[in-house]
Amino acid sequence: MAGRGKLIAVIGDEDTVTGFLLGGIGELNKNRQPNFLVVEKDTTINEIEDTFRQFLNRDDIGIILINQYIAEMVRHALDAHQRSIPAVLEIPSKEHPYDAAKDSILRRAKGMFTAEDLR
């Protein structure tokens, strides 16, 4: 992978993934595996979790974006992820606004600082 940066992966609803694909993030690795998953009504939680774990284990992915309502379905897998790379960011979707109280990564980051640190 020398000379190349890391990819952004997306797990989201059709509108979210389409937007990022139009923005140019779509890639296939050497094994022809995409860096995105469109979650539809018939997508199982196991499929979402398996894809998330595959993205975690790929050395060409540096950031994983996941719709927050989908992250709630596989919260245990997100909470188990402790490494800084790939970074996992929960994002809103058109139908589901962002709720900071549900974002486990944000809660973890807040626990690293005290009120004094932010002054």
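To be clear, the structure that these remarks concern was listed above.
Residues numbered from 1 in each chain as written. Predicted model: local features only at pLDDT ≥ 70, side-chain atom pairs only at ≥ 80, totals over all residues. Heavy atoms only, no water.

**Quick word on the environment of leucine 56**
Okay, so step 1: One can find leucine 56 in helix 2 (residues 45–57).
Okay, so step 2: Between the C-alpha atom of leucine 56 and that of proline 86, which follows or precedes it by 30 residues, the distance is 6.4 Å.
Okay, so step 3: If near-sequence neighbours (up to four positions away) are discounted, leucine 56 is found in contact with Ile64, His81, Arg83, Pro86 and Val88. (Helix = DSSP H or I, 4+ residues; strand = E, 2+ residues; numbered from the N terminus. Contact = heavy atoms within 4.5 Å.)

**Here we look at the pattern of salt bridges**
Okay, so step 1: Evaluation of the coordinates by the stated rule reveals 5 salt bridges.
Okay, so step 2: Between glutamate 49 and arginine 53 there is a salt bridge whose closest N-O contact spans 2.6 Å. Highlighted residues: glutamate 49 and arginine 53, both in helix 2, separated by 4 residues, approximately one helical turn.
Okay, so step 3: Across the pair arginine 58 and aspartate 60 runs a salt bridge whose closest N-O atoms are separated by 2.9 Å. Accessibility classification places arginine 58 together with aspartate 60 in one group, the buried group. (Salt bridge = Lys/Arg side-chain N within 4 Å of Asp/Glu carboxyl O. Buried < 20%, exposed > 50% of the residue type's maximum accessible area, 1.4 Å probe, protein only.)

**Re unusual backbone geometry**
Okay, so step 1: Cis peptide bonds are those with omega within 30 degrees of zero, and the linkage from isoleucine 85 to proline 86 qualifies with 5 degrees.
Okay, so step 2: Note that proline 86 resides in the loop between helix 4 (75–80) and strand 4 (87–91).
Okay, so step 3: The residue arginine 32 is not glycine, and still its phi comes out positive at about 65 degrees.

**Focus on the sheet that holds strand 1 (residues 7–12)**
Okay, so step 1: Read from one edge to the other, the open sheet built from 4 strands follows the order 2-1-3-4, with strand pairing classed as parallel. Single-partner strands in this sheet number two, and they are strand 2 (36–38) and strand 4. On average, each strand axis in the sheet is tilted by 20 degrees relative to the strand beside it, whichever way the strands run.
Okay, so step 2: Looking at chain direction, strand 3 (residues 61–67) and strand 4 are connected through 5 bridges and run parallel. By the bridge assignment, isoleucine 64 is partnered in strand 4 with valine 88.
Okay, so step 3: The strands that helix 2 touches are strand 1, strand 2, strand 3 and strand 4; relative to strand 1, the one it contacts most, it runs at about 170 degrees. (Pairing = 2+ DSSP bridges. Axes fitted to C-alpha atoms, helices over the stretch in contact; angles between N-to-C directions.)

**So, a negative patch on the surface**
Okay, so step 1: A cluster of like negative charges, contributed by Glu14, Glu40, Asp42, Glu47 and Asp50, occupies part of the molecular surface.
Okay, so step 2: Relative to the elements of secondary structure, aspartate 50 occurs in helix 2.
Okay, so step 3: Using a relative accessible area of 44% as the deciding quantity, one classes aspartate 50 as partly exposed. (Patch = residues over 30% accessible without salt bridge, like charges linked within 9 Å, V, L, I, M, F, W, Y side chains within 5 Å. Areas by Shrake-Rupley, 256 points an atom, 1.4 Å probe, with all protein chains shown as cover. Lys, Arg positive; Asp, Glu negative; His and termini not counted. Charge placed at Lys NZ, Arg CZ, Asp CG, Glu CD.)

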